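A structural walkthrough
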Amino acid sequence: MNWNITNIPSQQGRTVLVTGANSGIGREAAQALAANGAHVIMACRSREKADKAMVHIRKRWPKAELEFLELDLARQQSVHEAARQVRERHGKLDLLINNAGVMWVEKSLTEDGFETQFGTNHLGHFTLAALLIDTMMNLPGSRVVTVSSLAHRAGRIQFDDPNLAREYGRHRAYAQSKVANLLFALELQRRLFAADAQTLSVACHPGLSNTNLIGPGLVRQSPLRLGALVRPFMALIAQNERSGALPTLYAATSDAVRPGGYYGPQWLGEFMGPPGPAQVSGYARNEEVAARLWRLSESLTGVTSPLPEPQSGEQAGTAAE
Ligand SMILES: NC(=O)c1ccc[n+]([C@@H]2O[C@H](COP(=O)([O-])OP(=O)(O)OC[C@H]3O[C@@H](n4cnc5c(N)ncnc54)[C@H](OP(=O)(O)O)[C@@H]3O)[C@@H](O)[C@H]2O)c1
């Protein structure tokens, strides 16, 4: 039988943080985890949108334990403040889902001067995880789940120009940020292993899912709004949000996942279908690239993680299934 939402084990007593929980895959994941008893911290940049999402979830699950946390991943100061608040309010975290993301935006910089997709999708989550990992490391069953994309396969880290100042392309920038997500998740697992931590780091991708990122986002960002022509077909060719959230929920809760695993839909070249092992590009499996990205992320953000560098060849499984 294919894994589905009814296979999620009880989440009672678990504190979960989902970034970008007000919309799309993040909202679906937040809802499913709260429905199974988790206390869900909805980390969003807009209070208003988070409130709407909470109303939506509570309509179906009136007892859902939901909490708003202001988090703008494009502002490092906001990430620091959010991490501080989590430590103050909870002191521990069982599950961190690095889900929020932007796609194919016009050339722009975050408040800290990072290219927007790299700065938001990767560096924002890098800082968040680095600042919270010590609240998770000693908790049995704790996990960090990072949402990547099929687009990671085209991604390369431009180490000499990570902000793509010289040659910006929005698809290229998105792919860079998504391969960074995957390289980060695998390096995090190696470092957790080196630290003898209880926490697992795993990654996932939703295939093609009809969310704001792909639907309205595509319309907004396409030249001459040609995306509007495509929009009606999206519902036919893409999974709905609920199916799109399954790989995330599988990575977050299934007993079958392994350290450093990568999970996605199983059908039509991983575009849709039930969740299971997904294919990692050769580039994303490269440990030297991952270690170099980690050092670059530390130097750009000024945040140093408490996790030791892995010994060469030391790993708790690679993501290739
Ligand atoms: N949908 C797909 O087919 C697809 C495919 C591959 C990968 N993904 C990945 O799946 C993840 C979720 O995307 P989705 O499809 O569910 O899209 P979505 O509905 O647009 O959700 C994206 C979420 O990220 C939030 N976000 C964006 N910038 C942020 C920032 N600076 N700080 C905090 N939150 C921010 C958004 O908040 P606002 O509502 O305030 O903008 C929203 O809650 C992303 O990482 C995306 O790259 C999606």
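In this convention, every chain numbers its residues from 1, walking through the sequence in written order. In keeping with the predicted nature of the model, local features appear solely for residues at pLDDT of at least 70, side-chain atom pairs appear and are counted solely at 80 or more, and the whole-chain, interface and lining totals rest on all residues.

Helix and strand assignments follow DSSP, with helices taken as H or I runs no shorter than four residues and strands as E runs no shorter than two, numbered in order from the N terminus. Check the secondary structure of the protein and you find 10 helices and eight strands. Computation of the radius of gyration draws on C-alpha atoms alone. For the globule rule, the value is 2.2 Å times the number of residues to the power 0.38. Its C-alpha radius of gyration of 18 Å places the protein within 12% of the 20 Å reference for a compact globule of 321 residues. Projected onto the principal axes, the alpha-carbon positions of the protein cover approximately 50 × 50 × 40 Å. Counts of 20 or more other C-beta atoms within 10 Å of a residue's own C-beta define buried residues, counts of 12 or fewer define exposed ones, and intermediate counts define partly exposed ones; C-beta atoms are placed from the backbone. Of all 321 residues assigned to the protein, the portion counted as buried reaches 51%. Placing C-beta atoms from the backbone, we regard two residues as in contact once those atoms come within 7 Å. Taking the intrachain contacts of the protein between residues at least 6 apart in sequence as the baseline, contacts between residues at least 24 apart amount to 75%.

This next bit is on the nonpolar core. Val18, Val40, Met42, Ala43 and Leu132 are the most contacted members of the largest nonpolar core, which has 92 residues in total. If we ignore the near neighbours within four places in the chain, the residues touching valine 40 are Val16, Val18, Ala30, Leu33, Ala34, Glu65 and Leu66. Only buried residues count toward a nonpolar core: Ala, Val, Leu, Ile, Met, Phe, Trp, Tyr and Cys, linked into one set through C-beta atoms within 7 Å.

Regular strands place side chains that alternate from one sheet face to the opposite one. Along strand S1 (residues 15-19), five of the five residues are buried, which leaves the element largely enclosed by surrounding structure. Covered by surrounding structure in S1 are Thr15, Leu17 and Thr19 together with Val16 and Val18, the residues of both alternating faces. Being paired, for any two strands, means DSSP has found at least two bridges between them. For S1 and strand S2 (residues 39-44), the ladder comprises five bridges, and the chain directions are parallel. Of the residues in S2, the one forming a bridge with valine 18 is methionine 42. Crossover handedness is defined here as right-handed if the route from the first strand over the helix to the second strand goes clockwise, with the strands pointing away from the viewer. In this region the chain leaves S1, passes through helix H1 (residues 24-35) and returns to the parallel neighbour S2; the handedness of that crossover is right-handed.

We now examine the confidence of the model for the protein. Mean pLDDT over the protein: 93, with 92% of residues reaching 70 or higher. Looking at any residue, its pLDDT shows the predictor's confidence there, from 0 to 100. Counting contacts from residues 316-321, a segment whose pLDDT is below 50, to residues more than four positions away or on other chains yields 21 contacts.

As a further point, take the site of the ligand. We call a residue near a molecule or strand when its C-beta atom, built from the backbone, sits within 6 Å of it. Neighbouring the ligand are 33 residues; Gly20, Gly24, Gly101, Thr211 and Leu213 lie closest to it. Here the shell around the ligand takes three residues from H1, the largest share from any one element. Its residues placed into classes, the shell around the ligand shows 13 nonpolar, 17 polar and three charged. Three categories are distinguished: nonpolar for Ala, Val, Leu, Ile, Met, Phe, Trp, Tyr, Cys and Pro, charged for Asp, Glu, Lys and Arg, and polar for the others, with Gly belonging to the last.

This part takes up the environment of asparagine 4. Its place among the elements puts asparagine 4 in the segment before S1. Residue classification places asparagine 4 among the partly exposed positions, given that 14 C-beta atoms sit within 10 Å. Setting aside its immediate chain neighbours within four residues, asparagine 4 contacts Leu246 and Pro274.

Take the sheet that holds strand S7 (residues 262-267) next. Strand order in the open sheet formed by eight strands is S3-S2-S1-S4-S5-S6-S7-S8, with mixed pairing between adjacent strands. Looking at the sheet topology across the chains shown, the edges are occupied by strand S3 (65-70) and strand S8 (272-277). Going across the sheet, the axis of each strand differs from the next one's by a mean of 25°, ignoring polarity. Docked against the sheet, helix H5 (residues 170-194) engages strand S5 (143-147), strand S6 (200-204) and S7, running at close to 165° with respect to S6. Axes here mean lines fitted to C-alpha atoms, for a helix over just the part in contact, with angles spanning 0 to 180 degrees between N-to-C directions.

Our next topic: the packing of helix H4 (residues 116-132) against H5. Two quantities define a packed helix pair, namely the angle between the axes and the distance from one axis to the other. With their axes 7 Å apart at the nearest point, H4 and H5 run at an angle of 20° to one another. If you check the angle between H4 and H5, you find them roughly parallel. Here the hand of the crossing between H4 and H5 comes out right-handed. Mapping the contact onto sequence places Gln117, Phe118, Asn121, His122, Phe126 and Ala129 in H4 and Ala173, Tyr174, Gln176, Ser177, Lys178, Ala180, Asn181, Phe184 and Leu188 in H5. With respect to orientation, any angle under 35 degrees is reported as roughly parallel, any angle over 145 as roughly antiparallel, any angle of 65 to 115 as roughly perpendicular, and every other angle as oblique. Put simply, a crossing is left-handed when the front helix is turned counterclockwise from the back one by less than a right angle, and right-handed when it is turned clockwise.

Looking now at unusual backbone geometry. Most peptide bonds take the trans configuration, and most residues that are not glycine carry a negative phi. Of note, the phi angle at aspartate 196 is positive, near 60°, even though the residue is not glycine. By the secondary structure assignment, aspartate 196 is in the loop between H5 and S6. When the 8 C-beta atoms within 10 Å are taken as the criterion, aspartate 196 is described as exposed. A positive phi angle, near 70°, is found at glutamate 270, a position not held by glycine.

Right, let's talk about the packing of H5 against helix H10 (residues 287-301) for a bit. At a minimum axis separation of 9 Å, H5 and H10 run at an interaxial angle of 100°. As summarised for this structure, H5 and H10 are arranged roughly perpendicular, according to the angle between their axes. Across from Ala180, Leu183, Phe184, Leu186 and Glu187 in H5, the residues of H10 making contact are Val289, Ala290, Ala291, Leu293 and Trp294. Residues of the contact of H5 with H10, tallied by class, amount to nine nonpolar, no polar and one charged.

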